[in-house]
Every structure is written in structure tokens, then in C-alpha cells.
Amino acid sequence: MRHRFTRREQVGPEEALRRSLPVGLAWLAGRTDVEVPPGTLGLAEAAERTAELVEEGLDPEIRTLWQAFAVRVGARRLNDLAACLSSLHLDAGAAVAAEQARIVGGLQGPLVSGDDAVLAAGLRRLAPTYERLRTALITDRKAS
């Protein structure tokens, strides 16, 4: 977890969010300047690979973790993102983030019921939204 933040200057919430956009866009573009362990996947690749893992048979401990934590937190954070983007009038990006929140939240049902075909399909619906989010944010920023 992140900790020991140091305040360098006083900025308001809107300015802090605006300043974070370039870094967010860099992550959505697939940053290569940050060292990660070999085999690490993110964004669409991670969603696709996770769908494959579900189809291969989801470990019961992973299923429990997803049910109790990961899906709920993921949906909440994506909804938070949609609200933040909306507050900055980045409406196209906010719409994609809201769609992502609905998709991730919608994984809870098939996860609990054990319908892995629907769970994998949901993950595959999520995959292309990352590039759509990046494109929407670029468009929104040019328009503002």
C-alpha cells in the first residue's frame, strides 16, 4: 500500500485530478519506462488472460478473494474514476469508466453462481474498454 506521502504544495482537488491525467494516460498507453516482473500483464491483455484462466478452472481461493474483495473494489474504483472524470467535464471518458464499473460489478453474479462462461465473457467485454478509455480521454482533453 502507498504511504508516507509528502505534501510539496497545496492544490485543490480539481487541479490534482487534472495533473494526474497525463500519468493515467501513460498507464493506459502501456508504459514501458517502469520495470515490472517478467510476465506482468495489464489492461486488455490482463483481462483476456484472466478470462482464459477462468476457462481453465478458477482456483476456489481466487474465486473467494474475487467475491469478497476484488470485484467490489474494482467496481467501486471505476465508479470513483467516472465521478472524477465527470467532475472535470471529461464526459466521454466518464462514460467509458462508468461502463467499466458496470461490467466489473456485473462479474459478481456469475462469480458467485459459478457460471464461468459468463464470467469469462464479462472479462472479454472489459478488455477493449481500456483503449476506448484512453482514446476518449485524449479526445476530451483536446476539446477542453
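You'll find the structure just up there.
Along each chain, residues carry numbers from 1 onward, in the same order as the chain's sequence is written. Local features are withheld for residues below a pLDDT of 70 in this predicted model, meaning they are given only at 70 or higher, and side-chain atom pairs are given and counted only at 80 or more; totals for whole chains, interfaces and linings count all residues. No hydrogens and no water enter the side-chain calculation; it runs on all heavy atoms of the structure.

Asks: Got a minute to help me understand the packing of helix α1 (residues 13-28) against helix α7 (residues 129-143) in this structure?
Replies: Between α1 and α7, whose axes approach to 9 Å, the crossing angle comes to 145°. Handedness of the crossing formed by α1 with α7: left-handed. The residues of α7 that touch α1, namely those facing L21, P22, L25 and L28, are Y130, L133, R134, L137, I138 and R141. Polarity classes work like this: nonpolar for Ala, Val, Leu, Ile, Met, Phe, Trp, Tyr, Cys and Pro, charged for Asp, Glu, Lys and Arg, and polar for all others, with Gly in that last group. For the contact of α1 with α7, the class distribution of residues is 8 nonpolar, no polar and 2 charged. Between the N-to-C directions of two axes lies an angle of 0 to 180 degrees, each axis being a line fitted to C-alpha atoms and, for a helix, fitted only over the stretch in contact. Only DSSP runs of H or I covering at least 4 residues are called helices, and only runs of E covering at least 2 are called strands; the numbering of each starts at the N terminus. Take the far helix as the reference: if the near one is turned anticlockwise from it by less than a right angle, the crossing is left-handed, and if turned clockwise, right-handed. The contact rule is simple, with two residues in contact once any of their heavy atoms fall within 4.5 Å.

Asks: How should the nonpolar core be read in this particular structure?
Replies: In globular proteins that are soluble, nonpolar side chains generally tend to be buried together. Only buried residues count toward a nonpolar core, which is a set of Ala, Val, Leu, Ile, Met, Phe, Trp, Tyr and Cys residues joined through side-chain atoms within 4.5 Å. The rule is simple: take the accessible area with a 1.4 Å probe, protein chains only, and divide by the maximum for that residue type; under 20% is buried, over 50% is exposed, in between is partly exposed. Formed by 30 residues in total, the largest nonpolar core has its most connected members in V54, W66, L85, L119 and L137. Looking at this core, the elements that each hand over two or more residues are α1, α2 (43-57), α3 (60-87), α4 (91-105), α6 (116-126) and α7.

Asks: What is the right way to look at the pattern of salt bridges in this model?
Replies: A side chain with one charge can pair with a side chain of the opposite charge if their charged atoms come near. Here, a salt bridge means any Lys or Arg side-chain nitrogen found within 4 Å of an Asp or Glu carboxyl oxygen. Following the criterion strictly, the structure yields 13 salt bridges and no others. With its nearest N and O atoms 2.9 Å apart, the salt bridge here joins R19 to E15. Residue R19 and its partner E15 are both found in helix α1; the two are separated by 4 residues, about one turn of the helix. Between R124 and E55 there is a salt bridge, with its nearest N and O atoms 2.8 Å apart. Here E55 lies in helix α2 and R124 lies in helix α6, a separation of 69 residues in the sequence. What makes R124 partly exposed here is its relative accessible area of 27%. Three or more residues joined by partner-sharing salt bridges are found here, namely E9, E15 and R19.

Asks: I tried to follow the packing of α4 against α7 on my own but got confused; where do I start?
Replies: To characterise two packed helices, one gives the angle between the axes of the helices and the distance between these axes. Two elements in contact, α4 and α7, have axes whose closest approach is 7 Å; the angle formed by their N-to-C orientations is 160°. If you check the angle between α4 and α7, you find them roughly antiparallel. Judged by the twist between their axes, the crossing of α4 over α7 is left-handed. Contacts from D91, A92, G93, V96, A97, E99, Q100 and I103 in α4 reach T129, Y130, R132, L133, A136, L137 and D140 in α7. Roughly parallel here means an angle under 35 degrees, roughly antiparallel means over 145, roughly perpendicular means 65 to 115, and every remaining angle is called oblique.

Asks: Any chance you could explain the side chain of D140 here in plain terms?
Replies: Its location among the elements puts D140 in helix α7. Only four residue types enter the tally: Lys and Arg on the positive side, Asp and Glu on the negative side; His and the chain ends are excluded. Despite its burial, D140 pairs with no opposite charge, the nearest such side chain being R18 at 9.1 Å. Here a polar contact means two N or O atoms within 3.5 Å. Within protein one must be a hydrogen donor candidate and the other an acceptor candidate, and residues neighboring in sequence count only if both atoms are side-chain atoms. Separated by 3.4 Å, the side chain of D140 and the backbone nitrogen of D91 make a polar contact. Of note is the side chain of D140, whose polar atom sits 2.8 Å from the backbone nitrogen of G93. For D140, the residues in contact, after removing those within four places along its chain, are L90, D91, A92 and G93.

Asks: Sorry if this is basic, but what is going on with the layout of surface pockets here?
Replies: Empty space among the atoms becomes apparent when a probe as large as a water molecule is rolled across them. Cavities and pockets are defined on a 1 Å grid built over the protein atoms alone: a cavity is a set of grid points where a 1.4 Å probe fits but cannot escape, while a pocket is an open set with protein on both sides within 12 Å along at least five of seven lines, and lining residues are those with an atom within 4 Å of any such point. Grid points are joined across faces, edges and corners, and a volume is the space filled by probe spheres set on the points. Reported here for the largest pocket is a volume of approximately 1200 Å³. In this structure, the largest pocket is lined by 31 residues; those nearest its centre are L43, G74, R77, L78 and Y130. Elements with a contribution of two residues or more to the lining of the largest pocket: α1, α2, α3, α4, α6 and α7. With 9 residues, α3 is the largest single contributor of residues to the lining of the largest pocket. Its residues assigned to classes, the lining of the largest pocket comprises 24 nonpolar, 6 polar and 1 charged.

Asks: What am I meant to see in the packing of aromatic side chains here?
Replies: We describe a pair of aromatic rings using the distance from one ring centre to the other and the angle between the two ring planes. Aromatic pairs are defined between Phe, Tyr and Trp rings, using the six-membered ring for Trp, whenever the two ring centres lie within 6.5 Å; interplanar angles under 30 degrees are classed as stacked, those over 60 as edge-to-face, and all others as tilted. For the coordinates displayed, the defined rule picks out 0 aromatic pairs. Here, a charge over a ring is recorded when the distance from Lys NZ or Arg CZ to the ring centre is within 6 Å and its angle to the ring normal is within 35 degrees. One cation-aromatic arrangement involves R31 over W27; the distance from NZ or CZ to the ring centre is 4.6 Å.

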